[in-house]
Amino acid sequence: MTKILLLSDTHSYIDDMVIKHIKNADEVWHAGDIGDLKVTEAIKKLKPLRAVYGNIDGSEARLEFPETIRFMCENVEVLITHIGGYPGRYNPKIRPVLQSQPPKLFICGHSHILKVMPDKKLNLLHMNPGAIGIYGFHQVRTMLRFTIDGSKIDNLEVIEIKR
């Protein structure tokens, strides 16, 4: 079983509350808009990190992280990109990839709106952890925590932190 902490849209901000949750995960996945790479450096000192760059990220982040990653976590195929949309309204750039080779778990960020929903048409689970940074319109900072055990995605928890 792998314990995942999923976050996005840090916009150069990380604090002790986020660090506390990182320490309790096996892996951290970041769905873009990292901002200052001090954020990812802090995460990498504690846990393995998988991340993509987002639209606000500069050349340093774009050199270190890809725009999209596809990988296996146990028996679950995962696809992460920053601007992805959601079921029924996927971003035109990622839609053909999802339709031709749907993963079991599709993750994106960008909207600052936490959303977890199945796509019954493509037989995948969509996750957007919302925004954990302090920049943006969101009133509550959010992350997701869940486990992957074999081919099962389970124990999903929403973590809310006051802004």
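That block above? That's the structure.
Draft legend 1. Structural detail: unusual backbone geometry. With phi around 50°, D9 is a residue other than glycine that occupies positive phi space. Structurally, the position occupied by D9 is in the loop between β1 (2–7) and α1 (16–23). D9 gets classed as buried once you look at its relative accessible area, which sits at 0%. For D33, which is not a glycine, the phi torsion comes out positive at approximately 60°. One can find D33 in the loop between β2 (27–30) and α2 (38–46). For D33, a relative accessible area of 2% gives the class buried.

Draft legend 2. How the structure looks around the sheet that holds strand β11 (residues 140–149). In space, the five strands of this open sheet follow the order β3-β2-β1-β11-β12, with mixed pairing throughout. The two strands at the open ends of the sheet, each matched to only one other strand, are β3 (49–51) and β12 (152–162). Between one strand and the next, the sheet's axes are offset by a mean angle of 20°, whatever the strand orientation. Relative to β11, β1 runs antiparallel, the two being bridged by five bridges. Across the sheet, the residue bridging to I4 is F146, located in β11. Contacts between α1 and the sheet are confined to β1, β2, β11 and β12, with β11 contributing the most and set at about 5° to the helix.

Draft legend 3. Region of interest: the pairing of strand β5 (residues 76–81). Judged by how many residues are buried, β5 sits mostly within the fold: five of six residues are covered. Judged from the six bridges that link them, strand β4 (residues 68–73) and β5 form a sheet pairing that is antiparallel. When the sheet's bridge partners are listed, I69 is paired in β5 with I80. From the end of β4 to the start of β5, which pair antiparallel, there are two residues, and E74 there has a positive phi angle of about 55°. Across three bridges, the pairing between β5 and strand β8 (residues 105–107) is parallel.

Rules and cut-offs
- Residues numbered from 1 in each chain as written.
- Predicted model: local features only at pLDDT ≥ 70, side-chain atom pairs only at ≥ 80, totals over all residues.
- Heavy atoms only, no water.
- Helix = DSSP H or I, 4+ residues; strand = E, 2+ residues; numbered from the N terminus.
- Buried < 20%, exposed > 50% of the residue type's maximum accessible area, 1.4 Å probe, protein only.
- Pairing = 2+ DSSP bridges.
- Axes fitted to C-alpha atoms, helices over the stretch in contact; angles between N-to-C directions.
- Contact = heavy atoms within 4.5 Å.

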